[in-house]
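Chain and residue survey
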Amino acid sequence: MVAKTEKDPPKYMRLSANTQYELAQGIEAAAAAAQLGDEAGLTPSCYQICYQQLTDQLQEEYLLKTPASLNLERVEDNKALQAALLSWIPLCAAQWQLQGGDPAASARFQAEFKLVVARSLRDGLDIMSARDIWRFDIQRNIEEVQKYVFAAVDQYTL
């Protein structure tokens, strides 16, 4: 006889519910549990973690100081994170040029900037996991912000 080593999946994930109503109840209970996490103020701190990682790595990469106009305290949702990320593009591009970057080689700046952004956001997600505050919906929002910023960087010209 083989011992059962895997835990049963949560009720909301079981597709063997007797009715669709029971399945819907399980999904609603999971959504309500996720909202309880929001009430504790975890969502804003998740976006703040990602933004702090981004700020630290951009400052290191481009030898920048955080301008007061970027207001680190106000990055509490995906829209604020996106706006803050977009505001870094011209600052980093100007600094890249001052450090000897050739304006004709803007593709190199774009690639380097995207690498820093991707690494920063991935590090932020890792920190959230380590602090046990990671949520799938936040990761999905951060990935959407990253796609939008990558598209904006691709359109940016020096």
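Quick notes on the rules
Residues numbered from 1 in each chain as written. Predicted model: local features only at pLDDT ≥ 70, side-chain atom pairs only at ≥ 80, totals over all residues. Heavy atoms only, no water. Helix = DSSP H or I, 4+ residues; strand = E, 2+ residues; numbered from the N terminus. Contact = heavy atoms within 4.5 Å. Buried < 20%, exposed > 50% of the residue type's maximum accessible area, 1.4 Å probe, protein only. Expected span 1.5 Å × (residues − 1). pLDDT = per-residue confidence, 0-100. Salt bridge = Lys/Arg side-chain N within 4 Å of Asp/Glu carboxyl O. Phe/Tyr/Trp six-rings, centres within 6.5 Å; stacked < 30°, edge-to-face > 60°. Axes fitted to C-alpha atoms, helices over the stretch in contact; angles between N-to-C directions. Parallel < 35°, antiparallel > 145°, perpendicular 65-115°, else oblique. Left-handed = near helix turned anticlockwise from the far one by under 90°. Nonpolar A, V, L, I, M, F, W, Y, C, P; charged D, E, K, R; others polar.

This brings us to the side chain of Q95. With respect to the element layout, Q95 can be found in helix α3 (residues 78–98). Residue contacts for Q95: discarding those within four places in its chain leaves Y62, L63 and L64.

On to the side chain of Q53. Take Q53: it is sitting in helix α2 (residues 42–62). Residue classification places Q53 among the buried residues on the basis of a relative accessible area of 18%. In contact with Q53, not counting residues within four places along its chain, are S120, D123, G124 and I127.

Below, the discussion takes up α3. Taking 1.5 Å of rise per residue, the 21 residues of α3 would be expected to cover 30 Å, and the 31 Å separating its terminal C-alpha atoms lies within 8% of that figure. Listed in full, the buried residues belonging to α3 are L81, A84, L85, W88, I89, C92, A93, Q95 and W96. Remark: G100 follows α3 within two positions and exhibits a positive phi of approximately 105°.

To continue, consider unusual backbone geometry. With phi around 55°, L63 is a residue other than glycine that occupies positive phi space. Looking at the secondary structure, you find L63 in the loop between α2 and α3. Residue class for L63 comes out exposed when judged on its relative accessible area of 64%. Notably, D132 is not glycine yet its phi reads approximately 60°, a positive angle.

The predicted model of the chain averages 80 in pLDDT, with 69% of residues at 70 or higher. The secondary-structure element of the chain with the lowest mean pLDDT is helix α1 (residues 20–39), recorded at 59, while helix α5 (residues 136–155) shows the highest, at 94.

When charged atoms on two side chains of opposite charge get close, those side chains can pair. What the rule picks out here adds up to four salt bridges. For D137, the salt bridge is made with R135, and the minimal N-O distance between the two is 2.7 Å. A residue is classified by how much of its surface remains accessible, and D137, at 26% relative accessible area, is partly exposed. Here R135 falls in the buried class, since its relative accessible area comes to 15%.

Let us now look at the packing of aromatic side chains. Taken as a whole, this structure holds three aromatic pairs when the rule is applied. When the ring of W96 is compared with that of F109, the centres are 5.6 Å apart and the planes differ by 50°; the resulting orientation is tilted. In this pair, W96 sits in helix α3 while F109 sits in helix α4 (residues 106–130), placing the two residues 13 residues apart along the sequence. Of the two residues, W96 and F109, neither departs from the other in class, the shared state being buried.

Interhelical geometry of α2 versus α4 gives an angle of 140° and a closest axis separation of 8 Å. On the basis of the axis angle, α2 is oblique to α4. Taken as a pair, α2 and α4 cross one another with a handedness that is right-handed. Looking at the contact of α2 with α4 residue by residue, the classes come out as 14 nonpolar, four polar and four charged.

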